[in-house]
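Geometric and topological summary
The primary structure of each chain is shown beneath.
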Amino acid sequence: MKNNGEKTGLVLEGGGFRGIYTAGVLDVFLEQGLEFDGVIGVSAGAIHGCSFISGQKGRSIRYYKKYCTHKRFMSIQSWLKTGNAVETEFCYHELPEKLDPYDYQAFDRSDVKFYVTCTNVESGRAEYLQVHDMKKEIDLLRGSASLPYFSRTVAWEGKQYLDGGCSDSVPVKAFQKMGYGRNVVVLTREKGYVKKPEKIWMAKLFYRKYPAFCRALTTRHLVYNRTLKQIRDMEEAGSVFVIQPQSPLSIGRMERNRDKIQEVYDRGRKDAEESMSRLKAWLAREA
C-alpha cells in the first residue's frame, strides 16, 4: 500500500538492543504488506531495516535470541580483543552469509531505496549513504552501527565513520530533503523522553584527534531533543506518523536475557498492530 502522491519513507531510529522493538514493528509491517518508497536506518535501525527490505520476517528476533550470549556477537570481551564490541567477521560475514543467511538476491530485486546514516568522524556531520549492494557495501551498515567508544572507526572511500546516531539519530528532516515528504518514524525511546548530555571528558579522551566529532558528541543531546520536538510538530501537521513505546524499554545495551529480548520485540509487534488501522488510513491519504 503506497500513497499515489509524494514519496513515502520509513525512518528507523537506532538504540542498540532497543532496536529489537523496531524489528517487531517491521515484522508486522511485512505481515500487513506495507510498502515504502525508501527506508533510512540509523545503527540498529539500519540493521533491522535491511531485513525488512529483503522481506525476511522473523530473522532479527531469531538470530538475536540465538546469538545474544555469544561473545563474538556483542561483548566486552570482543571489544578488549578486537577493539569492536561487535565482532566484524562474525556479525557482518559469518552470520549473514552462513549462520542465518541474508537474502541478498531479494535486496537486489527490491525497488525500495535503502539508506544508512553514518557520522563522518573528521567533519562530525551525518552522511546519508545509499546501499546498492548489501554484500559488497556491508561496511556502510557496519559504519552506521559502530558505537562510539566501543568500536574502531570504519573506513569507506577515504572517509572514517562511526554510529550515525552521534550526529542524526532520527534523520526525518534529511529524508524529507531527499524527496520523502511523508514518513513513518519508528522510535525506540518512549514518549516524553529527554536526552541528557554526554560526558565531555570521555569524548575528549577518546576522540581528541577528531575535534568536530567531539563537538557532535557533546551537543548530541541538544540535536536529539530538538529533533523530537520537530517530529511532534510534523506529526501534528500530518507529514509524519510515529510508532514508539509508551514507557521505557527494559533492555540492556548488551542484553543476554532472551526473555527480555522477546518481550521488547513483542512490544514492538503490539504497538504496530494497535496502530495499524490508523497507519493504513494515514498511508492511503492523498498528499
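This text goes with the structure placed above it.
This section reports on the structure supplied with the text. Just so it is clear, the model here is predicted, and its values are computed rather than measured.

A few words now on the pattern of salt bridges. What the rule picks out here adds up to 13 salt bridges. For Arg62, the salt bridge goes to Asp100, with nearest N and O atoms at 2.8 Å. Here Asp100 lies in the loop between helix H5 (88–99) and helix H6 (104–109) and Arg62 lies in helix H3 (residues 59–67), a separation of 38 residues in the sequence. Across the pair Asp233 and Lys229 runs a salt bridge whose closest N-O atoms are separated by 2.9 Å.

This brings us to the state of the cysteines. The final tally for this structure, using the stated rule, is 0 disulfides. Left unpaired, Cys68 is separated from the closest cysteine sulfur, that of Cys91, by 12 Å. Here Cys166 is not cross-linked by a disulfide; its sulfur's nearest cysteine counterpart is in Cys118, at 10 Å.

All right, on to the packing of helix H2 (residues 44–53) against H3 then. Packing of H2 against H3 brings their axes to within 9 Å, and their N-to-C directions diverge by 130°. Classified by the interaxial angle, the pair formed by H2 and H3 is oblique. On H3, the residues touching Ile47, His48 and Ser51 of H2 are Arg59, Ser60, Tyr63 and Tyr64. Grouping the constituent residues of the contact of H2 with H3 by class yields 3 nonpolar, 3 polar and 1 charged.

A separate point is helix H11 (residues 220–237). Helix length check: H11 (18 residues) gives 26 Å between terminal C-alpha atoms against 26 Å at 1.5 Å per residue, within 8%. Backbone geometry just after H11 places Gly238 at a positive phi near 90°.

Definitions and cut-offs
- Residues numbered from 1 in each chain as written.
- Predicted model: local features only at pLDDT ≥ 70, side-chain atom pairs only at ≥ 80, totals over all residues.
- Heavy atoms only, no water.
- Salt bridge = Lys/Arg side-chain N within 4 Å of Asp/Glu carboxyl O.
- Helix = DSSP H or I, 4+ residues; strand = E, 2+ residues; numbered from the N terminus.
- Disulfide = S-S within 2.5 Å.
- Axes fitted to C-alpha atoms, helices over the stretch in contact; angles between N-to-C directions.
- Parallel < 35°, antiparallel > 145°, perpendicular 65-115°, else oblique.
- Contact = heavy atoms within 4.5 Å.
- Nonpolar A, V, L, I, M, F, W, Y, C, P; charged D, E, K, R; others polar.
- Expected span 1.5 Å × (residues − 1).

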